[in-house]
Amino acid sequence: QKQTINRMRDQLKNCISSRFGQDFLYEAMTGRGKSVDFVFGLTYEKEETDKLNAKFRCLIIRQDELEAIGEERRNGNEDWHKHVDLEVPKKSQAETYFRHRLRNLESLSVLYEDFRNLKSNPDHVPLQCEDSKYAMIGDIKLLDRGMMGL
């Protein structure tokens, strides 16, 4: 099972990388650009959706932003996601959707911390929860397009 998970994680990483390969060529040719660490996680959305809308979704977030979410959680700020300004109408379906996505990112922060601990310390005991057992999580370097001067 571990080999299968690692192979699937690599395939997901390759899929993400394929969308950004041209950016690294641009960086190599011009010397402009900046690599940024990102974290990805595959979720399966089945709660709060109808059966026709249940699907896999790949969340991608800058590592520093995910770490900030994790810091809020570690500090005991359980309502942090309620105070994030969203550019959608208050009490709308869109607001509910985006607040749910923020909670997904909070869960990703927990799983990513565990993933990093496993990578750096083979003796680390992984989370004993169903979510982490088959977590499809990884990290990847992507080029920050804002730093490319386009």
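Rules and cut-offs
Residues numbered from 1 in each chain as written. Predicted model: local features only at pLDDT ≥ 70, side-chain atom pairs only at ≥ 80, totals over all residues. Heavy atoms only, no water. Patch = residues over 30% accessible without salt bridge, like charges linked within 9 Å, V, L, I, M, F, W, Y side chains within 5 Å. Areas by Shrake-Rupley, 256 points an atom, 1.4 Å probe, with all protein chains shown as cover. Salt bridge = Lys/Arg side-chain N within 4 Å of Asp/Glu carboxyl O. Helix = DSSP H or I, 4+ residues; strand = E, 2+ residues; numbered from the N terminus. Axes fitted to C-alpha atoms, helices over the stretch in contact; angles between N-to-C directions. Parallel < 35°, antiparallel > 145°, perpendicular 65-115°, else oblique. Contact = heavy atoms within 4.5 Å. Phe/Tyr/Trp six-rings, centres within 6.5 Å; stacked < 30°, edge-to-face > 60°. Buried < 20%, exposed > 50% of the residue type's maximum accessible area, 1.4 Å probe, protein only. Expected span 1.5 Å × (residues − 1). Arc of directions from axis to C-beta.

### Some words on a nonpolar patch on the surface
Part 1 of the reasoning: Together, Leu 42, Tyr 44 and Phe 56 make up a nonpolar patch on the protein surface, roughly 320 Å² of accessible area in all.
Part 2 of the reasoning: Relative to the assigned elements, Tyr 44 resides in strand β1 (residues 35–45).

### What about the packing of helix α3 (residues 63–74) against helix α4 (residues 93–120)?
Part 1 of the reasoning: At their nearest, the axes of α3 and α4 sit 9 Å apart, and the two run at 100° to each other. Taken together, the axes of α3 and α4 lie roughly perpendicular to each other. Where α3 approaches α4, its residues Gln 63, Leu 66, Glu 67, Ile 69, Gly 70, Arg 73 and Arg 74 are matched on the opposing element by Leu 105, Glu 106, Leu 108, Ser 109, Val 110, Tyr 112, Glu 113 and Arg 116.

### Quick look at the packing of aromatic side chains
The geometry of an aromatic ring pair comes down to the distance between the two centres and the angle between the two planes.
Part 1 of the reasoning: For the coordinates displayed, the defined rule picks out two aromatic pairs.
Part 2 of the reasoning: Centroid distance Tyr 97 to Phe 98: 5.2 Å. Interplanar angle 80°. Geometry classified as edge-to-face.
Part 3 of the reasoning: When its relative accessible area of 37% is taken as the criterion, Tyr 97 is described as partly exposed.
Part 4 of the reasoning: By relative accessible area, which is 36% here, Phe 98 ends up partly exposed.

### Concerning the environment of Glu 67
Part 1 of the reasoning: With respect to the helices and strands, Glu 67 occurs in helix α3.
Part 2 of the reasoning: Along the primary structure Glu 67 and Glu 113 are separated by 46 residues, whereas in three dimensions their C-alpha atoms are 8.8 Å apart.
Part 3 of the reasoning: The residues contacting Glu 67, other than those within four sequence positions of it, are Arg 74 and Arg 116.

### Some points on α3
Part 1 of the reasoning: Between its first and last C-alpha atoms α3 spans 16 Å; for 12 residues at 1.5 Å apiece the expected length is 16 Å, and the two agree.
Part 2 of the reasoning: Burial in α3 covers these residues: Gln 63, Leu 66, Ile 69 and Gly 70. Burial along α3 is one-sided: seen end-on, the buried residues are contained in an arc of 120°.
Part 3 of the reasoning: Positioned one or two residues after α3, Gly 76 has a phi angle of 80°, which is positive.

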